[in-house]
Amino acid sequence: MTKFEIWKLAISALIPLSVVFLGCLVGRYSKRYDERVRLHGKIIEKRVELFEEISQPLNVIYTYIIRVGSWKEHTPYDIIQEKREVDGLMYSNRPYWTEVLFSTYESFMNASFETHTGHASDAKIKSDYNKYKDLPNWSDSYIEAFSGKVDKKQLNKTNEKLMQVFAQEFGFVQKKA
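In short, a report on the structure. (Residues numbered from 1 in each chain as written. Predicted model: local features only at pLDDT ≥ 70, side-chain atom pairs only at ≥ 80, totals over all residues. Heavy atoms only, no water.)

Overview of helix 2 (residues 76-92)
Line of reasoning, step 1. Under the 1.5 Å per step criterion, the end-to-end length of helix 2 is 24 Å for 17 residues, consistent within 8% with the ideal 24 Å.
Line of reasoning, step 2. For helix 2, the set of buried residues is Pro76, Ile79, Ile80, Glu82, Lys83, Val86, Asp87 and Met90. Taken around the axis of helix 2, the buried residues stretch over an arc of 155 degrees, which confines them to a single face.
Line of reasoning, step 3. Buried residues belonging to helix 2 abut helix 1 (3-66), helix 3 (99-112), strand 1 (113-114) and strand 2 (124-125). (Helix = DSSP H or I, 4+ residues; strand = E, 2+ residues; numbered from the N terminus. Expected span 1.5 Å × (residues − 1). Buried < 20%, exposed > 50% of the residue type's maximum accessible area, 1.4 Å probe, protein only. Arc of directions from axis to C-beta. Contact = heavy atoms within 4.5 Å.)

What about the packing of helix 3 against helix 4 (residues 152-169)?
Line of reasoning, step 1. Across the interface, helix 3 lies against helix 4 with an axial gap of 9 Å and an inter-helix angle of 155 degrees. Of the possible angle classes, the one that applies to helix 3 and helix 4 is roughly antiparallel. The two elements helix 3 and helix 4 meet at a crossing, and its hand is left-handed. Facing helix 3, whose interface residues are Val100, Leu101, Thr104, Tyr105, Ser107, Phe108, Ala111 and Ser112, helix 4 presents Gln154, Leu155, Thr158, Asn159, Lys161, Leu162, Val165, Phe166 and Glu169.
Line of reasoning, step 2. Per-class residue counts for the contact of helix 3 with helix 4 are nine nonpolar, six polar and two charged. (Axes fitted to C-alpha atoms, helices over the stretch in contact; angles between N-to-C directions. Parallel < 35°, antiparallel > 145°, perpendicular 65-115°, else oblique. Left-handed = near helix turned anticlockwise from the far one by under 90°. Nonpolar A, V, L, I, M, F, W, Y, C, P; charged D, E, K, R; others polar.)

Describing the layout of surface pockets
Line of reasoning, step 1. Taken as a whole, the largest pocket encloses approximately 150 Å³ of empty space.
Line of reasoning, step 2. What lines the largest pocket is Lys83, Asp87, Tyr91, Tyr105, Glu106, Met109, Asn110, Thr115 and His116.
Line of reasoning, step 3. Those elements giving two or more residues to the lining of the largest pocket turn out to be helix 2 and helix 3.
Line of reasoning, step 4. For the lining of the largest pocket, the leading source of residues is helix 3, giving four residues.
Line of reasoning, step 5. Of the residues contributing to the lining of the largest pocket, the split by class is three nonpolar, three polar and three charged. (1 Å grid on protein atoms, 1.4 Å probe; cavity = no way out; pocket = protein on both sides within 12 Å on 5 of 7 lines; lining within 4 Å. Points joined across faces, edges and corners; volume = space filled by probe spheres on them.)

Quick notes on helix 4
Line of reasoning, step 1. In this model, helix 4 (18 residues) spans 25 Å end to end at C-alpha, consistent with the 26 Å of a helix rising 1.5 Å per residue.
Line of reasoning, step 2. For helix 4, every residue scored as buried is listed here: Leu155, Thr158, Asn159, Leu162, Val165, Phe166, Ala167 and Glu169.
Line of reasoning, step 3. Tucked inside the fold, the buried residues of helix 4 contact helix 1 and helix 3.
Line of reasoning, step 4. At the exit of helix 4 stands Gly171, carrying a positive phi of roughly 95 degrees.

Observations concerning the packing of helix 1 against helix 2
Line of reasoning, step 1. One can describe the packing of helix 1 onto helix 2 by two numbers: an axis separation of 9 Å at closest approach and a directional angle of 145 degrees. Handedness of the crossing formed by helix 1 with helix 2: left-handed. Residue-level inspection shows Glu53, Ile54, Pro57, Leu58, Val60, Ile61 and Tyr64 of helix 1 in contact with helix 2, the latter providing Pro76, Ile79, Glu82, Lys83, Val86, Leu89 and Met90.
Line of reasoning, step 2. Within the contact of helix 1 with helix 2, the residues separate by chemical class into 11 nonpolar, no polar and three charged.

Structure follows, in structure tokens:
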């Protein structure tokens, strides 16, 4: 057998082995990719499920402070309770959210409430109680639930940003106007 025939035999043996090796490699990476896509889909499903639980309370908080929609039907204590519930869901499920979303959520809550107001004190709604005291469900005990400070421009901005970031978390890309 000549050197040429040996090389020819070696190459003809290596080609099928190379194809098998490359096939295994591609299959392995394909499987990893499929697992990542499946995991990403489950994370998005969980985010949507959580958003379905918190979107209404977030809207109640927002509309109460800017006084639109069904705001007249709520008391300040309802709003503080909504904050507690949303905070509970957001903090207990923090691993599902990106840092950008969570930071934006905290900015929205900071625009809506004054927190750390004293030991065993509830958060206070950043709004002037005088704008609510003529409601039929008003009680003077509600005065303590307000901080008297609201920056509506900042509140609107953080609410809009929060909704945009939620949309991004679900895989929607929004065009800027």
